[in-house]
Amino acid sequence: MTAAPQTVLVANRGEIALRIIRACRYLGLRVVCAHSEADRDAPYLKAADETICIGPAAAAKSYLNIPALLAAARTLGADMIHPGYGFLSESAEFAEAVAAAGLTFIGPSADVMRMMGDKVSAKRAMVAHGVPCVPGPDATLPEDPAVIAAIAEDIGYPVIMKAAGGGGGRGMRVVTNPSELIEAAMLTRQEAGRFFGQSDIYMEKYLARPRHVEIQILADSHGNAIWLGDRDCSMQRRHQKVVEEAPAPGIDRGLIAEIGARCAASCREIGYVGAGTFEFLYEDGQFFFIEMNTRVQVEHPVTEMVTGLDIVAMQIDVARGAALAVTQDQVRTTGHAIECRINAEDPSSFVSSAGTITGLRLPGGPGVRVDTHAVAGMTVSPFYDSMIAKVITFGQTRDEALARARSALAEMQVEGVLTNIPLHRQIMAEPEFCAGGVSIHHMESWLKTREGDNAA
Ligand code: ADP
C-alpha cells in the first residue's frame, strides 16, 4: 500500500491560499505555496512550510501556468495540489495534467469536471437526474437564425444567452424582443470565444425577479455524498456576488431539503468527489438549476458558520481517499451567517484601488470571523482580484447576524487603499435587504436610488 499523501501545494494566492494553509495545518499536513513575482513578499506566505516563485505577475505566466505549477510540486515534494477558486480551479486540463504527473488533484476527476464545468452538459446531466432547470433546451444554439428565432419563441421572451463555458458573470446577454435576437447571439458567441476559448452558447428563459440560492455538497470516493444546507447570494452587482448568507431567508425548509437531497443523489450518480455547489435561481416557490461550481467557493464560510464543519479540511480529506466523517443525519444547521466581501475599490465608482495598506484594524468579538491575508504594510496588487477580506458574522437569528455585521463593519478600518466597507455599512442598514429575500436585481436598483440621493 502506498502512503497517504502528506504535502499539499497551494496553487492560488491571497485569502484562499491562507485558508487552505490553515486547513492543511489542522490536518497535520505539510503545506507549500506557489507564488508569482508580484506576491513574493506577501505576508500570508510565511504561514506555509515552503514557498516557490512560479513566474511573473501576469496570471497567465504564473497562477495559470500548468507546467510551472507541476514543476513547483516536484521541486517542493508535494503529492497533492489544491487549486482554490478562480485561476485553474475549474480547468479539467489542469486536473488531468496533475493526475498524469502522478499527483492528487483536490477536486473531482477531469471527466466529471468537464461534464459539470460546461453549463450545457451540466444542465443535460441535471435534467437526466430529475433536478429542475431553467426552461430552455439543454443543447448549444445552432447557427441558423431561423432555428434560433424558433427556440426563442418557444421559450418565450425575455430570454438570456449564455456562454457554455462561461463564468465570473461574463458572457451573458438578455434579449427582450425578437429584433435584437440574432445580433445578440452573434455578440455572445464572439465574447464566449474571446473570454472562454470556446464559442458555444445556449439560451434559456430570463427569469424576471429570481433569487440566487445554492446548495453546498461534499462527496467522497466511497459513494457517499451529503449536502450542507443552502446559501442566498442574491445581492449581486453585474452578476457578481457582494453579500452572501446562510440559510436563504423565508424559503420552505422542506423544499430546500428535497432539492438538497437531489443534489447529493446526483453527485453519487455521476461519481463526483470533493466539494461543490449547485447554483439555482428561485422564483415563485420553484427552484431552477443554472450551473455547478466544481470547487470551493468564496462564500463557503457562511456554511461553515451554521454547520460547524470545516469544508476545506473535509475537501482535502476526501481527496486523500478518506470516507466522509459526517453522515447526512449528523449535519445540523443552527443560526444564521452573513458574509461581506471587502474589496479594495472605490465604494461609489467600483474602480479598483491598488496600493499599500498603511493601517488596518480588523473586527472581532463573539460571532465574528474575518478571512483575510491583509496586514498593515501589505501591497494590494493591481494584477489580481481586488478582494482583500471577507467579514463573516454569525447569530442565533438573522437579525443578530446583521447586528454583528453592523458592529464589525463599524470597527473595521483600512487605510492606504479605498475599500467598499462604506458600501457594506449601507447595505447592512438597507431596509429591504434587512427584511430578507430580495431578488438578484435588488442591489443594482438600490444602487441607482442611492446615486439619485447623492445627486439630490
Ligand atoms: P457565472 O458562471 O458567470 O457566475 P451563472 O450562470 O452562475 O454565471 O449566472 C450568474 C448570475 O446571472 C446569476 O446568479 C443570476 O443573477 C444571473 N442569471 C443567470 N441565468 C439567469 C436566468 N436564466 N434568468 C435570470 N438571471 C440569470
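Residues numbered from 1 in each chain as written. Predicted model: local features only at pLDDT ≥ 70, side-chain atom pairs only at ≥ 80, totals over all residues. Heavy atoms only, no water.

Colleague: What's the story with the overall build of the protein chain in this structure? I'm lost.
Modeller: Each helix and strand counted, the protein chain has 14 helices and 20 strands in total. Expected size for 456 residues packed as a compact globule is a radius of gyration near 23 Å; at 22 Å, the protein chain falls within 12% of this value. Across its three principal directions, the C-alpha atoms of the protein chain cover 60 × 60 × 45 Å. The buried share among the 456 residues of the protein chain stands at 56%. Accessible surface computed for the protein chain: about 18,100 Å², of which carbon and sulfur atoms make up 52%. (Helix = DSSP H or I, 4+ residues; strand = E, 2+ residues; numbered from the N terminus. Rg over C-alpha atoms; globule rule 2.2 N^0.38 Å. Buried < 20%, exposed > 50% of the residue type's maximum accessible area, 1.4 Å probe, protein only. Areas by Shrake-Rupley, 256 points an atom, 1.4 Å probe, with all protein chains shown as cover.)

Colleague: Just checking my understanding: could you explain the site of the ligand for this structure?
Modeller: Around the ligand, a shell composed of 22 residues is seen, among which G169, K205, H212, Q236 and E291 lie nearest. For the ligand, an oxygen atom lies 3.0 Å from a polar atom in the side chain of K119. A distance of 3.0 Å separates an oxygen atom of the ligand from a polar side-chain atom of E279. For the shell around the ligand, the class distribution of residues is eight nonpolar, seven polar and seven charged. Residue-level mapping places the shell around the ligand at the junction of two domains, with at least three residues from each of domain 2 (135–205) and domain 3 (211–455). (Near = heavy atom within 4 Å. Polar contact = N/O pair within 3.5 Å; in protein donor to acceptor, adjacent residues only side chain to side chain. Nonpolar A, V, L, I, M, F, W, Y, C, P; charged D, E, K, R; others polar. Domains from an automatic or database assignment.)

Colleague: I'm lost on the state of the cysteines in this one. Help?
Modeller: Each disulfide is one covalent bond, formed between the sulfur atoms of two cysteines. Across all of its chains, the model carries zero disulfides by this definition. Counting only cysteine sulfurs, C33 is the nearest neighbor of C53, a cysteine outside any disulfide, at a range of 12 Å. Free cysteine C267: the closest other cysteine sulfur is in C263, separated by 7.2 Å. (Disulfide = S-S within 2.5 Å.)

Colleague: Quick question: what am I supposed to make of the layout of surface pockets here?
Modeller: The rolling of a water-molecule-sized probe over the atoms marks out the regions of remaining empty space. Of the pockets and cavities examined, the second largest pocket occupies roughly 240 Å³. What lines the second largest pocket is a set of 18 residues, and nearest its centre among them are A38, D39, M378, T379 and S381. Counting only elements with at least two residues in the lining of the second largest pocket, the list comes to β18 (379–380) and β19 (387–395). Of the residues contributing to the lining of the second largest pocket, the split by class is eight nonpolar, four polar and six charged. Residue-level mapping places the lining of the second largest pocket at the junction of two domains, with at least three residues from each of domain 1 (7–105) and domain 3 (211–455). (1 Å grid on protein atoms, 1.4 Å probe; cavity = no way out; pocket = protein on both sides within 12 Å on 5 of 7 lines; lining within 4 Å. Points joined across faces, edges and corners; volume = space filled by probe spheres on them.)

Colleague: I would appreciate a short explanation of the sheet that holds strand β11 (residues 240–246) in the present structure.
Modeller: Two strands in a sheet stick together by hydrogen bonds in their backbones, pointing the same way (parallel) or opposite ways (antiparallel). A sheet is described by the order of its strands in space; here eight strands give the open sequence β13-β12-β9-β10-β11-β14-β19-β17, paired in antiparallel fashion. Each edge of the open sheet carries a strand with a single partner, namely β13 (286–293) and β17 (368–372). Put simply, the sheet's adjacent strands are angled 25 degrees from each other on average, direction ignored. Looking at chain direction, strand β14 (residues 336–343) and β19 are connected through eight bridges and run antiparallel. In the sheet register, C340 faces β19, and the bridge partner there is V391. Docked against the sheet, helix α8 (residues 253–270) engages β9 (211–219), β10 (225–237), β12 (274–283) and β13, running at close to 115 degrees with respect to β10. (Pairing = 2+ DSSP bridges. Axes fitted to C-alpha atoms, helices over the stretch in contact; angles between N-to-C directions. Contact = heavy atoms within 4.5 Å.)

Colleague: Please explain the pattern of salt bridges as it appears in this structure.
Modeller: Side-chain pairs of opposite charge can arise whenever the charged atoms involved come near each other. Under the definition given, this model contains 28 salt bridges. Notably, a salt bridge pairs D39 with R13, separated by 2.7 Å at the nearest N-O pair. A residue pair is termed long-range when its members are at least 10 positions apart, and D39 in the loop between β2 (30–36) and β3 (50–55) and R13 in the loop between β1 (7–10) and α1 (14–27) qualify at 26 residues. Residue classification places D39 among the buried positions, given a relative accessible area of 4%. Note on R13: relative accessible area 14%, which makes it buried. (Salt bridge = Lys/Arg side-chain N within 4 Å of Asp/Glu carboxyl O.)

Colleague: Got a minute to help me understand empty space enclosed by the protein in this structure?
Modeller: Counted by the stated rule, this structure contains one cavity of 30 Å³ or more. There is about 60 Å³ of room inside the largest cavity. Contributing to the lining of the largest cavity are D232, S234, M235, V243, E244, E245, R398, F433, G437 and V438. Mapped by element, the contributors of at least two residues to the lining of the largest cavity are β10 and β11. Here the lining of the largest cavity is built from residues that sort into four nonpolar, two polar and four charged.

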